[in-house]
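A structural walkthrough
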Amino acid sequence: MRYNGPTAAVRDQFHQGTNRRAYEMLGAHPVTQDGQEMWHFAVWAPNARAVSLIGEFNQWDRKKTPMQKVYDGTWEVRLPAETFDVKSDPKRYDYPDAAKKLTTYKYCIQAQDGTWQDKADPYGFAMQMRPDTASRIYDLSGYRWGDADWMEARKAYDPYHSPVNIYEMHLGSWRRHKDGTFLTYTEIAEQLVPYLKEMGYTHVEFMPVMEHPLDMSWGYQVSGYYAATARFGEPKELMALIDALHQAGIGVLLDWVPAHFPRDAMGLRRFDGTPCYEHPDPRRGDMPQWGTHMFDYARGEVNSFMLSNACFWLEWYHADGLRVDAVTSMLMYDFCREPGQWLPNKYGGHENLDAIAFLRRMNETVYRDFPGVMMVAEESSAYPMVTRPIYLGGLGFGFKWNMGWMNDMLAYIKLDPVYRKYHHDKLTFSLMYAFSENYILPFSHDEVVHGKHSMLDKQPGDLWKKFAGLRALYGYTMAHPGKKLLFMGGEFGHFIEWKYDDQLDWFLLLYENHPQVQQCCKRLNEIYRTTPALYQIDDSWDGFQWIQANDSDNSIVAFLRTDKRGNSLLCVTNFTPVFHPQYRIGLPQMGTLTECFNTDRKEYGGSNQYNNWAIRTEEEQLQDFQYSCDICVPPLATVYFTYQRDPLPEKAKKARVIPEIADVPPKKASKTAKKPQLRKMKAIGFVSGIALGMAAAVAAVSAVYPDIPKRAKRDTKHIWRSMMSKH
């Protein structure tokens, strides 16, 4: 990425918090000066007394390369490109890895109190592998992308009415070499792309790939916001991984952490000796629970830093969206703080108004400049309108993780089936708010660590019940309104909790049940991807209807999912190990049920109880439904049925048709008409009188406005039809 000198207006935007390309003016960039290749360095340190560029090239001596301060608090220096080449002094740089070490640099910053500290470049595009912490000069330009078709199609992509099935993964522990070392980005691409394609996922979500000093943080304590982590290779190799996924038809989401940053001395903390990125008051600048600092979104430069960073990953790495971490901690000053540990806003409330304004500006900018991407909020409170448009008062996100549903479901499946009937509300309560936001249903990494057990081991009972319960849960989840997310390993029944420092237990696929669970997930992914009823209408009751919500004694739920054409899929889930060979369910219309998927089938490791023939409904009342039928409901299982409705009777069709006014002949009132019919006729007469009166008014007005008579007859007809339909 070549250096593009900022204009005064661009610098002003940086300080105002509206610059989305701050990385073009700050950091290290190649540039041509008087025909000579140079490297330009720029860093924002407004309160520093002095700043020097240090690195292998000058033996880390702060006296050798002082930087100059420009008017807005930015320090700059420019050096010949050959300075960072071993050829500049072959004798001095005659040692292993000299070429790579020669690209390292830091800023040595003197605070107003005279102390010096070495800082990595906040805008650096590459960093050293931990435990080393220096930035590296790196030119991001030059990668030849092969995903032009994907990027063009993305502009018209509508994720709200499309299948979104996300495979969440941690690059460092998905797979490793036999000696325990990391795979490279290139090696991950070679194995991950065919695996995701075979399993049928639509998207993959990478836990943070930004540089971070501590493996144990899983990437959520970022030190290099613009640097792809060196654990797996070079930045352009990460581009190649994303490119390969796009060419295979798989979208890529990146976890992104704009809430807080670690206190490491080489990072953003007290960057120039004063709080530049964090709030100076610890009641707003500290996050005691995490041991980190919170970004100060009251500062324009912090806004530009993070706004630019969000756009950077979407533009330069072609990411298809960002999953924004810890949004609740940004929204609320009192998040994880006791009374007295936080300061209210200017109105006395606990909302962080500056962070809210930033999130809105960020979402507005991203959706304007990158159509088709997904902005996903990990927001765990009941904060309203997270995924509603900004002009309606919302935050403007595209999706929100449904943490309430996830917590209810995981609490429910941990219960012994004999007690589940007393907690049936955990299955049904989610539909009280399912359409209030655009939700993603997450079984994420956070739910398989810290003693919470794996998805498989959460299930009570013996091994058969654990596997059966897991398959039933996955089937139920796939049919529930909302997009889907599953953390790696869950798809084949990983038995122990996730370990960030070791690869998944892939050897489990050599044993029974695990391959069957994997095949079950693969088939579920295929059904979800090819069945519009499961994804087209996730945001309203038009796509969902309860069939059985109240059978707590049997812990059975049943519901219909319907697409825009009226095609329906019936989902029935039994959360107990009790087999029901004849279970009666009601249905809204006469038709035929045909089983199309069953988690209890033998090929998935089940007991092989299934409905082997098409089932006709009968005209027998059950609960609120006029029609019903008997189905086989296996133990601890989810069953899908296609629901082919019979055509409506001709009489019912005619009842729904409102005839044209010209086709309605005048009728005489019947002498034997009942009172309700008389009331209806009076109402119609009253309505027709209003309609004729309005027509007369239109005629009167036409004397003043001559163009009205051309539309008067048609408008009068429409008024009549509208009123008839309401009465």
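This text gives an overview of the structure that appears in the document. Only a predicted model underlies this, so the values are computations on that prediction, with no experimental measurement involved.

Now for the overall build of the chain. From N to C terminus, the chain includes 16 helices and 29 strands. Out of the 727 residues belonging to the chain, those deemed buried represent 54%. Partitioning the contacts of the chain with sequence separation of at least 6, the portion at a separation of at least 24 is 72%. Counting only carbon and sulfur atoms, one obtains 53% of the accessible surface of the chain, whose full area is about 32100 Å².

Using the criterion set out here, one finds 51 aromatic pairs in the structure. Over the face of the ring belonging to Trp506 we find Arg175, whose NZ or CZ atom lies 4.0 Å from the ring centre.

What the rule picks out here adds up to 6 cavities of 30 Å³ or more. When its volume is computed, the largest cavity comes out at roughly 150 Å³. Considering the residues around the largest cavity, the lining is formed by 13 residues, among which Asn165, Tyr474, Met478, Lys484 and Leu486 are closest to the centre. Elements represented by at least two residues in the lining of the largest cavity include exactly strand S20 (439-443), helix H12 (463-479), strand S21 (483-487) and helix H13 (514-530). Looking at the lining of the largest cavity residue by residue, the classes come out as 9 nonpolar, 3 polar and 1 charged.

Where H12 contacts H13, the two axes come as close as 10 Å, and the packing angle between them is 10 degrees. Of the possible angle classes, the one that applies to H12 and H13 is roughly parallel. Touching Phe467, Leu470, Arg471, Tyr474, Gly475 and Met478 of H12 are His514, Val517, Cys520, Cys521, Leu524, Asn525 and Tyr528, all from H13. Partitioned by chemical class, the residues of the contact of H12 with H13 number 9 nonpolar, 3 polar and 1 charged.

Strand order in the open sheet formed by 4 strands is S1-S2-S5-S4, and the pairing between neighbours is antiparallel. With partners counted over all chains shown, the strands left at the sheet margins are strand S1 (27-33) and strand S4 (68-69), one partner each. Examined bridge by bridge, S4 and strand S5 (residues 74-80) share 2 bridges and lie antiparallel to one another. Across the sheet, Lys69 pairs through a bridge with Trp75, a residue of S5.

Scanning the entire structure with this criterion turns up 37 salt bridges. For the salt bridge of Arg2 with Glu37, the shortest nitrogen-to-oxygen distance reads 3.1 Å. Here Arg2, found in the segment before helix H1 (8-16), pairs with Glu37, found in strand S2 (residues 36-44); they are 35 residues apart in sequence, far enough to count as distant. Note on Arg2: relative accessible area 39%, which makes it partly exposed. Classification of Glu37 as partly exposed rests on a relative accessible area of 38%.

Moving on, we come to a nonpolar patch on the surface. A cluster of nonpolar side chains, namely Met385, Tyr391 and Leu392, defines an oily patch on the protein surface of about 360 Å² accessible area. For Tyr391, a relative accessible area of 72% translates into the label exposed.

An ideal rise of 1.5 Å per residue puts 24 Å on 17 residues; H13 measures up with 25 Å between its terminal C-alpha atoms. Restricting attention to buried positions, one finds in H13 the residues His514, Val517, Gln518, Cys520, Cys521, Leu524, Asn525, Ile527 and Tyr528. Contact partners of the buried residues in H13: strand S9 (165-169), helix H4 (185-199), H12, S21, strand S26 (591-598) and strand S29 (637-645).

On to unusual backbone geometry, then. The amide bond that connects Arg130 to the next residue, Pro131, takes the cis arrangement and shows omega of 15 degrees. The backbone phi angle of His318 is positive, close to 60 degrees, even though this residue is not glycine. You can see His318 is positioned in the loop between helix H7 (300-316) and strand S17 (321-324). Residue classification places His318 among the buried positions, given a relative accessible area of 12%. Despite not being glycine, Leu636 has its phi angle at roughly 40 degrees, a positive value. Within the fold, Leu636 resides in the loop between strand S28 (627-633) and S29.

Relative to the elements of secondary structure, Ser135 occurs in strand S8 (residues 135-136). Here the side chain of Ser135 touches Asp121 through a polar contact of 2.8 Å, landing on its backbone nitrogen. Ser135 has contacts with Thr103, Thr104, Tyr105, Ala120, Asp121, Ala126 and Met127, leaving out every residue within four places of it along the chain.

Moving on: the layout of surface pockets. Put simply, the second largest pocket is a space of about 640 Å³. Surrounding the second largest pocket, 25 residues form its lining, Trp218, Trp290, Asp325, Glu378 and Asp446 being those nearest its centre. Taken together, the elements giving at least two residues each to the lining of the second largest pocket come down to helix H8 (327-331) and helix H10 (403-413). Ranked by the residues each element gives to the lining of the second largest pocket, the list is headed by H10, at 3 residues. Of the residues that constitute the lining of the second largest pocket, the class distribution is 10 nonpolar, 9 polar and 6 charged.

As a further point, take the sheet that holds strand S13 (residues 251-256). Strand order in the closed barrel made by the 8 strands is S9-S10-S13-S17-S18-S19-S20-S21, with parallel pairing throughout. Sheet twist, expressed as the mean angle between neighbouring strand axes with direction ignored, is 25 degrees. With 4 bridges joining them, S9 and strand S10 (residues 203-206) adopt parallel strand pairing. Each bridged residue has a counterpart across the sheet, and for Ile166 the counterpart in S10 is His203. Against the sheet, H10 engages strand S19 (399-401) and S20, with an angle of about 35 degrees to S20.

Scoring rules and cut-offs
- Residues numbered from 1 in each chain as written.
- Predicted model: local features only at pLDDT ≥ 70, side-chain atom pairs only at ≥ 80, totals over all residues.
- Heavy atoms only, no water.
- Helix = DSSP H or I, 4+ residues; strand = E, 2+ residues; numbered from the N terminus.
- Buried < 20%, exposed > 50% of the residue type's maximum accessible area, 1.4 Å probe, protein only.
- Contact = heavy atoms within 4.5 Å.
- Areas by Shrake-Rupley, 256 points an atom, 1.4 Å probe, with all protein chains shown as cover.
- Phe/Tyr/Trp six-rings, centres within 6.5 Å; stacked < 30°, edge-to-face > 60°.
- Lys NZ or Arg CZ within 6 Å of the ring centre and 35° of its normal.
- 1 Å grid on protein atoms, 1.4 Å probe; cavity = no way out; pocket = protein on both sides within 12 Å on 5 of 7 lines; lining within 4 Å.
- Points joined across faces, edges and corners; volume = space filled by probe spheres on them.
- Nonpolar A, V, L, I, M, F, W, Y, C, P; charged D, E, K, R; others polar.
- Axes fitted to C-alpha atoms, helices over the stretch in contact; angles between N-to-C directions.
- Parallel < 35°, antiparallel > 145°, perpendicular 65-115°, else oblique.
- Pairing = 2+ DSSP bridges.
- Salt bridge = Lys/Arg side-chain N within 4 Å of Asp/Glu carboxyl O.
- Patch = residues over 30% accessible without salt bridge, like charges linked within 9 Å, V, L, I, M, F, W, Y side chains within 5 Å.
- Expected span 1.5 Å × (residues − 1).
- Polar contact = N/O pair within 3.5 Å; in protein donor to acceptor, adjacent residues only side chain to side chain.

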